[in-house]
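Residues per chain are reported as follows:
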Amino acid sequence: MTEEKRWLVETIDLTRIYGDGEEIRALDHVNLRIASGELVAVMGPSGSGKSTLLNVIGALDKPTSGKVLIEGVDLAEIKDKDHFRAKTVGFMFQLHNLIPTLTARENVEIPMMGYISASARHNRSKLLLELVGLGDRMNHLPGQLSGGQRQRVAVARSLANDPRLVLADEPTGSLDTIAGQELMRLINELNQSQGTTFIVVTHDLAVAQQTRRVLVMADGKIVREDIIGSPIEEDLKMWRHSELGKRILAGDEKTLERFKIDRNQKEALAELLSFANGNVREQ
Amino acid sequence: MILKNLLRRKFRTLLTILGIAIGVAAIISLGSLASGLQAGYNSMLTGSKADLIISQPNSIDIAYSSVDEKVGEKLKTMPEVSEFSGMIQGFTQAEGEPLFFVFGYPKDSFLIDRFIIKDGFSLNSSEAKKVKGNPILLGSAAAEVFKKSPGDSLRLTGSLYRVVGIYETGDAFEDAGALLNLDDAQTLLGKPRQVSLYYIKLSDPKLRDRFVAKAEREWSDLSISGTKEFAENQTFIEYLKGYVWVIGGLAIIIGGVSMMNSQLMSIFERTREIGVLRAVGWSHWRILWMILGESIFVCLSGGLIGTGIGWLTIYGLSKITVAFRMGNSRISSDLIVQAFSTVIILGIVGGLYPAWRASRLHPIEALRYEGGGGGKVHRLPIGGMAVQSLWQRTTRTILTLTVIGITVGAIMALEGMIRGMKADMNRMFIGTDMQILIRQSDIADTSLSAIDERIGDKIAAYPEVSTISGILLTAIMMPDTGGFFMIFGAAPNEQAIKRYKIIEGNTLSTNRQIMIGKYMADTLNKQVGDTIDLMGSRFKIVGRYESSVSWEEMGGVLTIRDAQIFIGRPRKVTMYGVTLKDPSQAEEVVEKINREFPEVHATLSGEFTNDMPDFKNSEGMISVISMLAIIVGGVGVLNTMLMSVFERTREIGVLRALGWRRRAILKMILQESVILGLLGGGAGIFIAFLLGFLMTQASGFGAALKTSWELDVFIRAIMVAFILGLLGGLYPAFRATRLLPVEALRYE
C-alpha cells in the first residue's frame, strides 16, 4: 500500500479561480489530508472558500489546478462522476433541499434510484430513517416536519448509498441552537458508529467544537488547523486565543495592571497554556 | 419596467409571443383570403357598371345559381333595358388546383371589354377560332401560378383547353380565374342554356322601379337586386369567414391560455420581488397594471409578428396557388383592426387573473416566499415524482391540460364530424341495393358533379345491369331558418327513391311535388298537403319521410326532372346508382364503366365516400387545422415544461449532486411532459365530445352533423397528445440535463 492510500481525501495545491476579468481565487493552493473516519469542520468567513472546497471534493465543481485524491485516486481520472457522487460521497445542504412533494422516505430513496432495486431502496430508507430517529415520520412530507427533523431526513439521505464520505454544507445553518446541537450529536454518533467520514462546513464555533478537527479558511487558504481536545482544554484554548488572553500573554502593561497580574503570574499562565500553542498549526 | 421584466425571461416571452403570433397569422392569412374573395366579388359585380342583377334566389354562391337563357330572350324585348349580359361562373379542378374559378360571357357581352388582353388574342379574334381545342383566356395571376402563356394547353375537369391569351381586369378575383366563351363554359360546368346571372343596364335609372315590378311579375322564381346589394348577400363568403374565425379563434385561445400560464409562472417567480414593491409602497393597482401591461405587450408583439407571418404566408402561397391570388396578397386594414382588437382583449383577459393574483399578494408573505410550487404542498396518494410534481403545480398543470385538451379536442371533433358525415353518406347508399355509384370525374365537390343522362342510358343497356337510378343532390339557403335545405332529385319509378321511408302521405307521383324530411317539416312547421316555396318555385308536399341519415331529413325529395330544372342542369344528374343482376360482377362493371366513359368515375358503393373530393378537401382542411393546433399546442407544452425546469433548477441540482445521471433527469422531465400530454389527451377526448355536442346544437346545419367516434380516432388523439408531450418536453429535458450541479444548487 502506497503512502497516499492512507488518506481518504487528499488535496494537492488545489486551486479554483472564478471569473474572467477580475479573478477570484476561491481556493488558493490548498493542501489537506483527511483520514478515513475523521470528523472535520471547515470554518471561515463568507467567501473564504469553504463551500468551493466541498464542491470540488464532491466532484460538483472542477479545480482550476491542483488535484483531489480520493483514496489515492485522482478525481480527474474518475470518468463516471455521477456514480462517484452517488456511491462515494453523500451531500447535506444548508437548506435541507428535500423535494417538498415527496415523503421523508421517498426523499431518502432518491440517491438509490437507478442503483438498487425498489424493494432494497424501501428497506434501506426505513433503516436509515430509524437510525436518525424518524422511524415514525417516514410517510410525512417535509412540510409536516420540523426544521431539525428535515435535516435528519437530509442526513439519512446523505447516507443512502453508504458513502465513505459525507460533505455537509452548513447543515445547522437554518436550525436554532438546540436543533443544531442535536444534529451535530447525531453526526458525531454516526461518525463513531458507522465510521463515516464527515466534512462539515460551518460558521458556528459551537458546531465546530463538536468535531475533532477544525480547519479555518480565509481568502481561499487554510490559515489554521486546530485539534479539538477535552472541554477544559478547549476553554483554556479559547481564552488563550481571546483578545484578553493574547494581551496578557504578550505582557501588555495596561492589561496586567488592570487585572493586577504580576510578571511571575503571567509567566506561570504562559507555561500553563503552552499546550495550546503546540496543538495549533498556523499556516 | 414592463419591457425589462419580459426581457429577463427572453426565451419564454418569445415562445408566448410565437403562440399568439401563429393564431394571428392564421386569422390574417385566411381572413385576407376571405375578405379578398369578398372584395373580388364586390369589384367584379360592381365593376360591371350594371344597374341590376337577375339571379336565382337563396343560392349558396353565384356558382350555384341558375337562370335560363330564355330570360335573356325576354330581356331583349323590354324597352327599359339598354344592355344586358348573361354570365356563368363556376369552379372546377385545374392542374393541381382544387378550386379554380371560370367565367363564361357571351361573345357580344357589353362586359367583355373589361378583360384587357395583355398577351395573345381575345376569344373573339380570328386567331382564337383557328386553334385546336376549346379556347380559353387566363387571368394574369392564374397564368403566373400555372406558368402558362398563349399557345399552352390547360386541363380543366378532364378536358383540354388551349390558352389563347392572358387578360387583366384589375380585379384580383377575376385575374386569378379564366374566361371562356359562354357555351364552352356551360358545357364545362354542365349547365347548358343556363347562366348564373344576368347583368342589366337600364336605359334610364328612373325606370328602375318599373322594370323591377315588371320583372318580378314575369319571373316570380328569380331574384332582382342591385349589384351592391347582391354582392353583400353572398352566403358562401360568410361561411368562409366563419371558418377563418373558428381556426384563428382556436389558435388564439390556445395561445392565450399559454400566455396566461406564462404570466402566472412569472408572478410565482417574482413573488418576493412583488413583496418588495408592495413593501416600498407600490399600490395594488400599480402591481396590477404592471402585470397587465406585460400581458398586453406580449399580445401586441404577437399581433405584430403574426401580421408579418400572415403577410409572408399570403405572399408565399400566392406564388403557388390561385386561391391566394384572389385576395390580392393584401391585408385589409379592417382585418388588422380585428386581429389587434382580438389580441388586446386576449391580453387583458389572459393577463387579468395573474395580475389580480399578483396584486393580492400580502407583502409579508410574499417576502417570505421561498420559491417552488407555492407554499402549500399537495400530494396525491399515488404516483411518483412526475405525477407529484404536476399535482403540486395545479394551476399550471390545469392550464396546460386546457391547451392540450383544446388542441386534441378540436382535431378529434373535426375528425369525428367528418367520419360521421362519411358514415351517413355510406349509409345513404348502402341502405339501397345499389352496388355501384358513379359521379363525374375530376370535380371539386360532389354537388358540382353533372353526368349526362345519355351516359346513364348507355350503362342501363349493359347486360349486367338490372336497374340504374339517377340521383340529384344540391343545397340551397333557407332565408327563414338561416340554414341549408338539402334537395334530392329521384325518379318516382326508380330504385333510389325507395330508401326514403314515408311516415305520412305518399311518395312522389308526378312533377311539382315534394316529399319533405321529418326534421325539415318540423322546423318549417309544414304538413302533408301544404305547399313549400323553394328559390321562387312552389312545390306541393305529398309525403313526409324519415331517414337514419340526419342530413337527408334536412330537406326534401323532388322528381329528377324538377330538380334538374331547379338547378339548371337539364338532362344531367349528380350521380348514378347501379344495381346488378349478379352482384359478384361489380368490380368488372366498375372497370368497364371507367374505361368506356372517362368523363365519369365509378366505384363500388362501399368505397364511394373514400375518394369523394368533398371529403378529400375537408381532410385537407383538417390537416391544416391540426398542424396549426399542434404547433401552437406544442409551443404551450414547451413553455410549461421550460418553466417547470427553471422552477426546479435547485431541485435538479440536488438530484445531480446526489448522483443522478443526466439520463435520469432527462427521463424524469420527459416522463412528466408525456404524462401531461396523455392527461391532456384525456381532457381532449372530453372536449371533443363537448364540441361534437355543441356542433350538433348549432342552428341551421347542426342537425345535419353527426359525430362518429371510431377507435382509431381515439388512438390518433392519444398519439397527438403523446407527441405534444414528447416534443414539448424534449428541449426542456435536454436543458435540464445541461444544468451544472454547482450552479443549479446556487440558483435562487
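Residues numbered from 1 in each chain as written. Chains lettered and ligands numbered in written order. Predicted model: local features only at pLDDT ≥ 70, side-chain atom pairs only at ≥ 80, totals over all residues. Heavy atoms only, no water.

### Quick look at the sheet that holds strand S1 (residues 7-18) of chain A
Residues and elements named next belong to chain A.
Turning to step 1, where the next piece is worked out: Within the open sheet, the four strands sit side by side as S2-S1-S4-S5. Their pairing is antiparallel. With one partner strand each, in any of the chains shown, strand S2 (24-35) and strand S5 (73-74) form the two edges of the open sheet.
Turning to step 2, where the next piece is worked out: Sheet topology note: the S1/S2 ladder contains eight bridges and is antiparallel. Across the sheet, residue Thr11 finds its bridge partner in S2, namely Leu32.
Turning to step 3, where the next piece is worked out: With respect to the sheet, helix H1 (residues 50-57) is in contact with S1, S2 and strand S4 (65-70), its orientation differing from that of S2 by roughly 60°. (Pairing = 2+ DSSP bridges. Helix = DSSP H or I, 4+ residues; strand = E, 2+ residues; numbered from the N terminus. Contact = heavy atoms within 4.5 Å. Axes fitted to C-alpha atoms, helices over the stretch in contact; angles between N-to-C directions.)

### Structural notes on the domain arrangement of chain B
It is common to report an interface's size as the accessible area lost on association of the parts.
Residues and elements named next belong to chain B.
Turning to step 1, where the next piece is worked out: For chain B, the assigned domains read domain 1 (1-46 + 236-369), domain 2 (58-221), domain 3 (388-431 + 608-748) and domain 4 (442-598).
Turning to step 2, where the next piece is worked out: Put simply, the middle of domain 1 and the middle of domain 3, counted by C-alpha atoms, are 21 Å apart.
Turning to step 3, where the next piece is worked out: Summing both sides of the interface, domain 1 and domain 3 together bury roughly 2300 Å²; the carbon and sulfur share of this comes to 80%.
Turning to step 4, where the next piece is worked out: Viewed at the interface, domain 3 and domain 1 are joined by zero salt bridges. (Domains from an automatic or database assignment. Buried area = accessible area lost by both parts, 1.4 Å probe. Salt bridge = Lys/Arg side-chain N within 4 Å of Asp/Glu carboxyl O.)

### Focus on the environment of Ser605 of chain B
All names here are of chain B.
Turning to step 1, where the next piece is worked out: Here Ser605 is to be found in the loop between strand S24 (600-604) and helix H21 (613-647).
Turning to step 2, where the next piece is worked out: Residues Ser605 and Gly86 lie 519 residues apart in sequence; the distance between their C-alpha atoms is 39 Å.
Turning to step 3, where the next piece is worked out: Other than its neighbours up to four places away in sequence, Ser605 contacts Asn426, Met434, Gln435, Ile436 and Leu437.
Turning to step 4, where the next piece is worked out: There is a polar contact of 3.0 Å between the side chain of Ser605 and the backbone oxygen of Met434. (Polar contact = N/O pair within 3.5 Å; in protein donor to acceptor, adjacent residues only side chain to side chain.)

### A look at unusual backbone geometry
Turning to step 1, where the next piece is worked out: A positive phi is found at Asp219 of chain A, a non-glycine position, where the angle reads about 50°.
Turning to step 2, where the next piece is worked out: Mapped onto the fold, Asp219 of chain A is located in the loop between strand S9 (213-218) and strand S10 (221-227).
Turning to step 3, where the next piece is worked out: At Arg571 of chain B, a residue that is not glycine, the phi angle is positive and equals roughly 60°.
Turning to step 4, where the next piece is worked out: With respect to the element layout, Arg571 of chain B can be found in the loop between helix H19 (560-566) and strand S22 (572-573).
Turning to step 5, where the next piece is worked out: Arg571 of chain B gets classed as partly exposed once you look at its relative accessible area, which sits at 40%. (Buried < 20%, exposed > 50% of the residue type's maximum accessible area, 1.4 Å probe, protein only.)

### Regarding a negative patch on the surface
Residues and elements named next belong to chain B.
Turning to step 1, where the next piece is worked out: On the surface, a cluster of negative charge is made up of Asp582, Glu587, Glu588, Glu591 and Glu607.
Turning to step 2, where the next piece is worked out: Here Glu607 shows up in the loop between S24 and H21.
Turning to step 3, where the next piece is worked out: Judged by its relative accessible area of 42%, Glu607 falls in the partly exposed class. (Patch = residues over 30% accessible without salt bridge, like charges linked within 9 Å, V, L, I, M, F, W, Y side chains within 5 Å. Areas by Shrake-Rupley, 256 points an atom, 1.4 Å probe, with all protein chains shown as cover. Lys, Arg positive; Asp, Glu negative; His and termini not counted. Charge placed at Lys NZ, Arg CZ, Asp CG, Glu CD.)

### Thoughts on the packing of aromatic side chains
Residue and element names in this part refer to chain B.
Turning to step 1, where the next piece is worked out: Within the structure shown, the criterion is met by 17 aromatic pairs over all chains.
Turning to step 2, where the next piece is worked out: Aromatic side chains Phe115 and Tyr167 sit 4.9 Å apart centroid to centroid with 80° between the ring planes, which places their arrangement in the edge-to-face category. In this pair, Phe115 is assigned in the loop between strand S4 (97-105) and strand S5 (116-120) and Tyr167 in strand S8 (residues 159-168), connecting sequence segments 52 residues apart.
Turning to step 3, where the next piece is worked out: Among the residues examined, Phe115 registers a relative accessible area of 5% and is labelled buried.
Turning to step 4, where the next piece is worked out: By way of ring pairs, the aromatic residues Tyr64, Phe91, Phe101, Phe103 and Phe173 are connected into one cluster.
Turning to step 5, where the next piece is worked out: The aromatic ring of Phe539 is capped on one face by Arg512, whose charged end is 5.0 Å from the ring centroid. (Phe/Tyr/Trp six-rings, centres within 6.5 Å; stacked < 30°, edge-to-face > 60°. Lys NZ or Arg CZ within 6 Å of the ring centre and 35° of its normal.)

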